[in-house]
Amino acid sequence: DQQVKQNSPSLSVQEGRISILNCDYTNSMFDYFLWYKKYPAEGPTFLISISSIKDKNEDGRFTVFLNKSAKHLSLHIVPSQPGDSAVYFCAAEKGAQKLVFGQGTRLTINP
Amino acid sequence: DTEVTQTPKHLVMGMTNKKSLKCEQHMGHRAMYWYKQKAKKPPELMFVYSYEKLSINESVPSRFSPECPNSSLLNLHLHALQPEDSALYLCASSPLGQGGTEAFFGQGTRLTVV
């Protein structure tokens with residue numbers, strides 16, 4: 001039962017353009033949604049989160065949008081930079097400290 | 001210091017061996033976690049410790065035995081593992097209380113069971 005889904009295993013974007021990573025979920029009881037970035041041979045690194053009562057949260061180049069009616073969230077990165085190339089995981093939190101991760105999307109930023 | 005340190009980085013063990021994975025953080029976080037990540041899969045939660053007490057066990061087989069000796073250390077004792085237990089084991093820590101809080105992950109221990 002995949003409660004958090006990232007349907008695009010990979011995404012390729014040109015440097016300077018916008019990267020949009022998508023995530024769908026099935027459980028309407030999730031309280032928070034988070035995005036993590038993972039480089040090879042490193043643990044995931046937190047990027048940004050959003051409460052289920054908000055529809056947008058912005059932090060520098062990163063913006064997360066939440067559409068509760070569609071059970072969909074997206075991460076926008078603008079402008080995209082070569083250092084953004086990594087695997088991005090969407091995660092949802094149900095109750096304290098319980099994170100459920102999506103399968104990840106490998107983002108490649110091309111010069 | 002915003003690091004979570006895991007040792008060893010790599011471990012190869014036989015199915016009859018006993019080994020331990022170690023995790024350490026000095027950020028004062030009172031929640032610590034073990035996750036398991038198989039190749040091309042997302043991290044899956046195994047255990048959560050809150051204030052050094054086991055608060056969540058995601059139905060993990062008893063051949064995995066967690067231990068939290070103090071607020072900075074988290075161990076995962078391994079015994080009689082199977083080859084399918086080969087994976088990246090990630091430790092994480094976070095403050096307790098508010099939801100949506102950033103969890104800090106270690107680099108992981110790459111475990112191979114032969």
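Structure: see above.
Scope of this entry: the structure provided in the associated data block. This structure is a prediction, so every number in the text was calculated from the model and none was measured.

## Focus on the sheet that holds strand β1 (residues 4-5) of chain A
- The sheet built from five strands is open, its strands ordered β1-β3-β8-β7-β6 (chain A) with antiparallel pairing. Two strands bound the open sheet, and with one partner strand each, they are β1 and β6 (56-59) of chain A.

## Overview of the pairing of strand β7 (residues 62-67) of chain A
Residue and element names in this part refer to chain A.
- Summarising the sheet, β6 and β7 pair through four bridges and their orientation is antiparallel. Considered in β7, the bridge of Glu58 is made with Thr63.
- Remark: two residues form the turn of the hairpin made by β6 and β7, two consecutive strands paired antiparallel; Gly60 in that turn has positive phi of roughly 65 degrees.
- By the bridge criterion, six bridges tie β7 to strand β8 (residues 72-77) in an arrangement that is antiparallel. Across the sheet, residue Asn67 finds its bridge partner in β8, namely His72.
- Connecting β7 to the next strand, β8, in antiparallel fashion are four residues, including Lys71 with a positive phi near 50 degrees.

## Some points on the sheet that holds strand β8 (residues 73-79) of chain B
All names here are of chain B.
- Strand order across the open sheet formed by four strands is β1-β3-β8-β7, with antiparallel pairing between neighbours. What marks the edges here is a single partner per strand, and that holds for β1 (4-7) and β7 (64-70). Across this sheet, the average inter-strand angle for adjacent strands is 20 degrees, counted without regard to direction.
- Here four bridges tie β1 to strand β3 (residues 18-25), and the two strands are oriented antiparallel to one another. From the neighbouring strand, Thr7 faces β3, where its bridge partner is Lys22.

What counts as what
Residues numbered from 1 in each chain as written. Chains lettered and ligands numbered in written order. Predicted model: local features only at pLDDT ≥ 70, side-chain atom pairs only at ≥ 80, totals over all residues. Heavy atoms only, no water. Pairing = 2+ DSSP bridges. Helix = DSSP H or I, 4+ residues; strand = E, 2+ residues; numbered from the N terminus. Axes fitted to C-alpha atoms, helices over the stretch in contact; angles between N-to-C directions.

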